[in-house]
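A structural walkthrough
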Amino acid sequence: PEENDRTCNVDAYEVGCYEDCSERCADGCWWTTCKDSVQQTVVVLESFLNTYCIDLHRIYASGCSNGAMFVYELAHDSRTAKYLAGIAPQVGLPHYGYNKGPNKDYLPIHHIGFWGLDDATVPPIQGRSSGTGCEVECRTSESQGWFFTSSACVTAK
């Protein structure tokens, strides 16, 4: 997708526009501010690093929903990727076509993600193998440097 490609269906959603976005969200699909949230994270993180004794090999980012989408951005952006040992997103993925993957200059950045079995909004790779609602197919995939596998692949029955 191009920088100005829509991330929503304007016929299905009525989304406002934050004042700091001005003309950037004229398509009605911007549901976050246009402030530099990665830079804000850098400021907070560096403040902690300068104040407390923190193991630089154990810094992780986690978020839920839109926050989960944001941790993928943190893992990609060089300003924050250099600090991260891993990310743990919950019920959130980058929009289709916007998954940039982890920053290759700062690998490995570990990943563990959590999604619901019946999540129709942000389904990662899982699917039902029967109508009982209890089984999950064992599927794996790779997307822009992230490797995904469903829980059925790593747990015993």
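Residues numbered from 1 in each chain as written. Predicted model: local features only at pLDDT ≥ 70, side-chain atom pairs only at ≥ 80, totals over all residues. Heavy atoms only, no water.

As for a nonpolar patch on the surface
A cluster of nonpolar side chains, namely Val-44, Phe-48, Tyr-52 and Ile-54, defines an oily patch on the protein surface of about 360 Å² accessible area. Counting through the fold element by element, Phe-48 comes out in helix α1 (residues 37-51). (Patch = residues over 30% accessible without salt bridge, like charges linked within 9 Å, V, L, I, M, F, W, Y side chains within 5 Å. Areas by Shrake-Rupley, 256 points an atom, 1.4 Å probe, with all protein chains shown as cover. Salt bridge = Lys/Arg side-chain N within 4 Å of Asp/Glu carboxyl O. Helix = DSSP H or I, 4+ residues; strand = E, 2+ residues; numbered from the N terminus.)

Some thoughts on the nonpolar core
Ala-61, Leu-74, Leu-84 and Ile-87 are the most contacted members of the largest nonpolar core, which has 16 residues in total. Elements supplying a minimum of two residues to this core: α1 and α2 (66-76). When residues of this core are assigned to their parent elements, the largest contribution, 4 residues, is made by α2. (Core = buried A, V, L, I, M, F, W, Y, C linked by side-chain atoms within 4.5 Å. Buried < 20%, exposed > 50% of the residue type's maximum accessible area, 1.4 Å probe, protein only.)

Describing the confidence of the model for the chain
Here the chain shows a mean pLDDT of 76. Residues at 70 or above account for 59%. Below a pLDDT of 50 lies the segment residues 126-136, which in the model reaches 23 contacts outside its immediate sequence neighbourhood of four places, other chains included. (pLDDT = per-residue confidence, 0-100. Contact = heavy atoms within 4.5 Å.)

Considering the pattern of salt bridges
One pass over the structure, following the stated rule, counts 4 salt bridges. Across the salt bridge formed by Arg-79 and Asp-36, the nearest N and O atoms sit 2.8 Å from each other. Of the two residues, Arg-79 sits in helix α3 (residues 78-81) while Asp-36 sits in the segment before α1, which places them 43 residues apart along the sequence. The exposure class of Arg-79 is partly exposed, given its relative accessible area of 28%. A salt bridge links Lys-100 to Glu-73; the shortest N-O distance between them is 3.3 Å.

Side note on the pairing of strand β2 (residues 86-90)
Burial of β2 is extensive: 4 of the 5 residues sit out of reach of the surface. Where strand β1 (residues 60-64) meets β2, 5 bridges bridge the pair, whose relative direction is parallel. Pairing of Ala-61 across the sheet is with Ile-87, part of β2. In the sheet, β2 pairs with strand β3 (residues 110-111) via 2 bridges, with the strands oriented parallel. Counterpart to Gly-86 in the pairing with β3 is His-110. (Pairing = 2+ DSSP bridges.)

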